[in-house]
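# Structural features, examined
What follows is the residue order along each chain.
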Amino acid sequence: ISQIIKSNFGCYDTLTKKIDIYPKPITLSTFQNVCSYDSLLIPYQVNVGTDTFKRIKIYWGNGDSSSSNSDSGRFSYLYPNAGTYFFTMVSENIHQCTDTLFQKIEIHPVPTSKIYTIDTAQCFNGNLFSLADSSQIIAGSYHRKWSYLSDTASQIQINYSVEGAYSVSLYTVSDSGCIDTAVQ
């Protein structure tokens, strides 16, 4: 930048000052929503042109003001509960130029698989075990699958033809793909 000054007497003086305009970092990130038992993995990339990248910081937006620094190309965080969250990612170059990326994330609820049985021990002759799905989910829906005969009914009855101890599994999968299992 140059400035030319003329005095009242017709004298001129020139002031030249060099200025630097540094490139702004550009923060890019893609991720997938996760189930509440999975850590959220956020890969990122910062484009800084020919400049030197300094740091990136993320504010998790989970109500406790936690933040993380990373230079590994990714962040990982385990949200404590299902719900909608917002996080902020701030990248900075060595000249303190910053870029801010705001993101919304959905943490999906996980069903809690539970098997209800009326009687867990019966005599071999004439045994008939009644099992019921008493699973729960805080939001959304789920579907079930019993390990016995791949049945999907909410209640099943099982008769064993050989003495012994047996296990029955109930798999529940939410409408968001979150999975839980109960074994009895």
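Our subject is the structure listed above.
Below is a short write-up of the structure. (Residues numbered from 1 in each chain as written. Predicted model: local features only at pLDDT ≥ 70, side-chain atom pairs only at ≥ 80, totals over all residues. Heavy atoms only, no water.)

One pass over the structure, following the stated rule, counts five aromatic pairs. Ring plane angle 75° and centroid distance 4.8 Å describe the contact between Y77 and Y79, whose orientation is recorded as edge-to-face. There is no split in this pair, since Y77 and Y79 are both buried. These aromatic residues form a ring-pair network of at least three members: Y77, Y79 and Y85. (Phe/Tyr/Trp six-rings, centres within 6.5 Å; stacked < 30°, edge-to-face > 60°. Buried < 20%, exposed > 50% of the residue type's maximum accessible area, 1.4 Å probe, protein only.)

With that out of the way, let us pick up the state of the cysteines. For the structure shown, the criterion picks out one disulfide. Between the sulfur of C35 and that of C178 lies a disulfide, 2.0 Å long from S to S. Judged by the sign of its S-S torsion, about -95°, the cystine formed by C35 and C178 is left-handed. In this pair, C35 is assigned in strand β4 (residues 34-35) and C178 in the loop between β15 (169-174) and β16 (179-183), connecting sequence segments 143 residues apart. (Disulfide = S-S within 2.5 Å. Helix = DSSP H or I, 4+ residues; strand = E, 2+ residues; numbered from the N terminus.)

This part takes up the environment of T112. In this structure, T112 sits in the loop between β10 (98-108) and β11 (115-117). Residue classification places T112 among the partly exposed positions, given a relative accessible area of 38%. Along the sequence, T112 and S174 sit 62 residues apart, while their C-alpha atoms lie 9.9 Å from each other. Contacts of T112, omitting those with residues within four sequence positions, involve S135, Q136 and D180. (Contact = heavy atoms within 4.5 Å.)

For the rest of this paragraph, the subject is a nonpolar patch on the surface. Residues I1, I19 and I21 make up a contiguous nonpolar surface patch of about 370 Å² in total accessible area. For I1, the location among the structural elements is in the segment before β1 (2-6). (Patch = residues over 30% accessible without salt bridge, like charges linked within 9 Å, V, L, I, M, F, W, Y side chains within 5 Å. Areas by Shrake-Rupley, 256 points an atom, 1.4 Å probe, with all protein chains shown as cover. Salt bridge = Lys/Arg side-chain N within 4 Å of Asp/Glu carboxyl O.)

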